[in-house]
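# Per-entry structural report
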Amino acid sequence: MIKLIIWAIFPIVGIFMEGIKRKLIARMQNRIGPPILQPFYDVWKLFNKKGATGGMLSILPILSFIGAWSIFLFFPMPIISFDFDYILVFYMYVFVSISLILAGIASDSPYGIIGSMREMVLMLVYEFAFFICIFTFFLYGGANSFTDMPSRVLITRVPLTIVALLGVILIELRIAPFDTAAAPSEIMAGYTTQYAGRDLAFFELAEMTKKFAIVSIFAFLTFPHNMVWFIITSAGMYFVCAAAKVTSPRFRIDQALGAFAAIFFLAFINFLIFV
Amino acid sequence: MHGEEEYVLPFGPQHPALSEPVLLKLKMDGEKVISGAAEFGYMHRGIEKMLEGKTPEKGIMICERICGICPVSHSTCYTMAVENAANEKIEDKIAYERMILAELERMHSHLVCIGLQMHDMGFDTLFMFLWRERERILDIFEKLTGGRVQHSSNRISSVNFDIYGVENYLIEEMDKLKKGVAKYKKEYAVNEILKERTKNIGVITKKEAEKFHLVGPIARASGMHQDIRIDDPYLKYEEFDYSPIIFDKGDVYERTMQRTEEIFASADLIKKIVNKTPKVAIVPSKICKMINERCQGIQRVEAPRGELFYFVEIENNQIKRCRMRPPTYAYIRILEPLLTDCKLGDVPMIVSSIDPCFACLDRVMIENKILNKNEFKKMCGVHTHD
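Here the structure is a predicted model, which means the values were calculated and not measured. Here the residue numbers are simple positions, counted from 1 along each chain's written sequence. Chains carry letters and ligands carry numbers; both start at the beginning, A for chains and 1 for ligands, and go up in the order they are written. Totals for whole chains, interfaces and linings use every residue, but because this is a predicted model, local features are given only for residues with pLDDT of at least 70 and side-chain atom pairs only at 80 or more, for both listing and counting. For the side-chain quantities, the full set of heavy atoms in the structure was used; hydrogens and water were omitted.

### Observations regarding the overall build of chain A
Strands are runs of DSSP state E lasting at least two residues, helices are runs of H or I lasting at least four, and both sets are numbered from the N terminus onward. For chain A, the helix and strand inventory stands at 10 helices and 0 strands. Secondary structure elements in chain A, listed N-terminal to C-terminal, are α-α-α-α-α-α-α-α-α-α. Along the longest, intermediate and shortest principal axes, the C-alpha atoms of chain A span 50 × 45 × 40 Å. All accessibility values rest on the Shrake-Rupley procedure with a 1.4 Å probe; residue burial counts only the protein chains present in the view. Carbon and sulfur atoms make up 75% of the accessible area of chain A, which amounts to about 11000 Å² in all. The centroid of the 19 positive side-chain charges in chain A is displaced by 8 Å from the centroid of its 15 negative side-chain charges. Within this scheme the basic residues Lys and Arg register as positive and the acidic residues Asp and Glu register as negative, but His and the chain ends are omitted. For charged residues, the charge sits on one atom: NZ in Lys, CZ in Arg, CG in Asp, CD in Glu.

As structure tokens, then:
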């Protein structure tokens, strides 16, 4: 029961973390920034507005939010658990991205389609690297599922994988230098350009939840499994991401691919060493 | 978009990367831009027509409102054209003060341009820091003239403000500003991602620059020796030895660096001018001079974006015709060649690196067909009942 309640509040934590990230970025840029609860107000305002009228346009946002939320069923406090559940979790991550891409294509706006195209191109590289990272962790930990995952620090054994996972987090959090798929100065809002109201609210919720999910899988895999470490690591990750955003401009799509190929190889090296 | 290989992406008129409305029709193939066509006219306000029939003194107010970033250049150029028409001589002190304001405006405009370029690259931190330095210049403007954006600084053969008493403040602020900009310049001179994004992008060679008759900073970044302050000195520019800042490669990076160096040069120039200005207060005159005979005058000045040209014809103390050629009008033709064969990610940077001002540009509307008499009258707003 307690686990279910904790599972229910994870999206709220995700929104809260987004607020903290915005505040961090603002403080690093030497300005005051929005209040930490600003993402709540944004989502609340969007929920009070009318959405699209049916079809794919209103189904996809809800699907993507459910996909992102259900990642938390498996970790950090497992409600469902079975052998090789990390493969399903990986598919959940992909599912959220796929529904965003489909939403961009369904909106039939050139900006949405270009955003989806960019996301697809990047996905081919980063989702693969992401899977290799997760797989390497499970290989080194000698576990089959999230419940068996030993609670010990793996940093010394898989340093390259951790670096690669950091790169994946940057790209998943749409953080500069890898925020090419949602570059506002090039393609406006990318795949969500045509969305408004309730649908956009679901998309924002899905994205924020997914971002928190990806930060928390890092915290879960690399550090001991207790609440204090979990909070410290995920907050630290948001800090690193804010610092990355503040200090670097955005890559162009081809440059992002080049940089990401390097990250992919880093992920692969540690994997090969084990095999 | 349905199954075709090429499609047209409407970049604008409203777009986060554009600070003013313009429509760029980009013919795309995936991420590649095959060609781009620009459509203007969203900022047309009929200013030349508005000026007709006004007294020369009132014209200053309208000319200032052509552009929000270079109002001083517009009003200075207009005032000097009127003074040339009426054969008026101005005092040395007034010339120096106009120069100080013009150089301040140049620094302000360049900071805006570089900041926007950083913003288009996704580098919001530098964008905010550079605009904070710009705030310093706006404060100086406020202290000198009372206005932060529109200054109403010029009058025919006089100025509305005085630097008497604030010379030390000006020099101190220039030192602080130079220090601040130098700090941020170091940031973007060493950032590897930024270099990768901007080097060899949107290259204008010297040959192209001469072919398209470019003006201002973008011409100087491509290696052209073009600076009205030196080629055709106005006010008191010939008294100061000022050499133009020339770069030779002409890509987005060089244009950014060229503008940064010009900020330093302008700050130095302001310090020299302040030291040379006679330390006496200006006696303001409340009399508007009447220009009754028919006369014509021209003037060109170096606005922040390049050569600005004014032609004024006056009769019976009324403006009969006023024609201006702003710098953007001179170099905007380079935009279409630059937008061929580039990546979509480069488009906002290319557009912001040539620093176009569409409010300056939209002087005249051209219809692509021959009008008959009635249509022409209708377009001019003359209602006929026949």
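### Describing the pairing of strand β2 (residues 23–29) of chain B
All names here are of chain B. Two strands qualify as a pair provided DSSP detects at least 2 bridges between them. As paired strands, strand β1 (residues 7–11) and β2 are joined by 5 bridges and run antiparallel to one another. By the bridge assignment for β2, Pro10 is matched with Lys25. When β2 meets strand β3 (residues 32–39), the two strands line up antiparallel, connected through 7 bridges. Paired with Asp29 across the bridge in β3 is Lys32. If you look at the hairpin formed by β2 and β3, you'll find 2 residues sitting between the two strands, and Gly30 has a positive phi there, around 65 degrees.

### Overview of the sheet that holds strand β9 (residues 342–343) of chain B
Spatially, 4 strands are ordered β1-β2-β3-β9 (chain B) in an open sheet, and the strand pairing comes out antiparallel. Only two strands of the sheet have a single partner each, and these edge strands are β1 and β9 of chain B. Any pair of residues with heavy atoms lying within 4.5 Å of one another is described as a contacting pair. Working convention: axes come from line fits to C-alpha atoms, limited for helices to the stretch in contact. Angles between N-to-C directions cover 0 to 180 degrees. Helix α5 (residues 110–141) of chain A contacts β1 and β2 of chain B of the sheet and is inclined by roughly 105 degrees relative to β1 of chain B.

### Observations concerning helix α10 (residues 253–274) of chain A
The span one expects for a helix is its residue count, reduced by one, times 1.5 Å. The terminal C-alpha atoms of α10 of chain A, which comprises 22 residues, lie 32 Å apart, in line with the 32 Å expected from a rise of 1.5 Å per residue. Residue exposure (1.4 Å probe, protein chains only): buried if accessible area is under 20% of the type maximum, exposed if over 50%, otherwise partly exposed. The set of residues buried in α10 of chain A consists of Ile253, Gln255, Ala256, Phe260, Ile263, Phe264, Ala267, Asn270 and Phe271 of chain A. On the buried face of α10 of chain A, the contacting elements are α5 and α6 (159–172) of chain A together with α7 (192–198) of chain B.

### Comments concerning the interface of chain B and chain A
Facing the 35 residues of chain B at the interface are 27 residues of chain A. Buried area between chain B and chain A, summed over both chains or domains, comes out near 2600 Å², and the portion from carbon and sulfur atoms is 58%. The salt bridge criterion pairs a side-chain nitrogen of Lys or Arg with a carboxyl oxygen of Asp or Glu, the two atoms within 4 Å. Across the chain B-chain A interface, the total number found is 3 salt bridges. Between Asp254 of chain A and Lys343 of chain B there is a salt bridge, and its shortest N-O distance comes to 3.4 Å. Within 3.5 Å is the distance limit for a polar contact, defined as a pair of N or O atoms, with the added protein rule that one can donate a hydrogen and the other accept it, and that residues adjacent in sequence qualify only through two side-chain atoms. Run the count over chain B and chain A and you get 12 residue pairs in polar contact (both at pLDDT 80 or more). Accessible-area loss on putting two parts together, using a 1.4 Å probe and summing over both, is the definition of buried area adopted here.

### Topic: the packing of helix α1 (residues 2–28) of chain A against helix α3 (residues 56–70) of chain A
Residue and element names in this part refer to chain A. Remark: α1 packs on α3, axes separated minimally by 10 Å, with the N-to-C direction vectors making an angle of 120 degrees. Classed by the angle they form, the pair α1 and α3 counts as oblique. As for the relative orientation of α1 and α3, their crossing is right-handed in sense. For the pair α1 and α3, the contacting residues are Trp7, Ala8 and Pro11 in the first and Phe65, Trp69 and Ser70 in the second. Our angle categories are set so that under 35 degrees counts as roughly parallel, over 145 as roughly antiparallel, 65 to 115 as roughly perpendicular, and the remainder as oblique. Here a crossing is called left-handed whenever its near helix is offset anticlockwise from the far helix by less than a right angle, and right-handed whenever the offset is clockwise.

### Comments concerning the pairing of β3 of chain B
Remember that side chains alternate between the two faces of the sheet whenever the strand is regular. Across 2 bridges, β3 of chain B lies against β9 of chain B in antiparallel orientation. Within β9 of chain B, the residue paired with Val33 of chain B across the bridge is Cys342 of chain B.

### Describing the packing of helix α2 (residues 38–47) of chain A against helix α8 (residues 197–222) of chain A
Residues and elements named next belong to chain A. Between α2 and α8, the shortest axis-to-axis distance is 7 Å and the interhelical angle comes to 150 degrees. Residue-level inspection shows Pro39, Val43, Leu46 and Phe47 of α2 in contact with α8, the latter providing Gly197, Arg198, Leu200, Ala201, Phe202, Glu204, Leu205 and Met208. Considered class by class, the residues forming the contact of α2 with α8 number 9 nonpolar, 1 polar and 2 charged. Under the grouping applied here, Gly and all other residues not named as nonpolar or charged are polar, the nonpolar ones being Ala, Val, Leu, Ile, Met, Phe, Trp, Tyr, Cys and Pro and the charged ones Asp, Glu, Lys and Arg.

### Section: the sheet that holds strand β8 (residues 318–325) of chain B
Residue and element names in this part refer to chain B. Taken together, the 3 strands give an open sheet; going across it, the order is β6-β7-β8, and neighbouring strands pair in antiparallel fashion. If you trace the sheet from one side to the other, it starts and ends with β6 (295–303) and β8, each paired once. Shown here is a sheet whose adjacent strand axes are inclined to one another by a mean of 15 degrees, direction ignored. Sheet topology places strand β7 (residues 306–315) next to β8; 7 bridges connect them, and they run antiparallel. The residue of β8 that forms the bridge with Glu313 is Arg321.

These results come straight from atomic positions and should not be treated as a statement about function.
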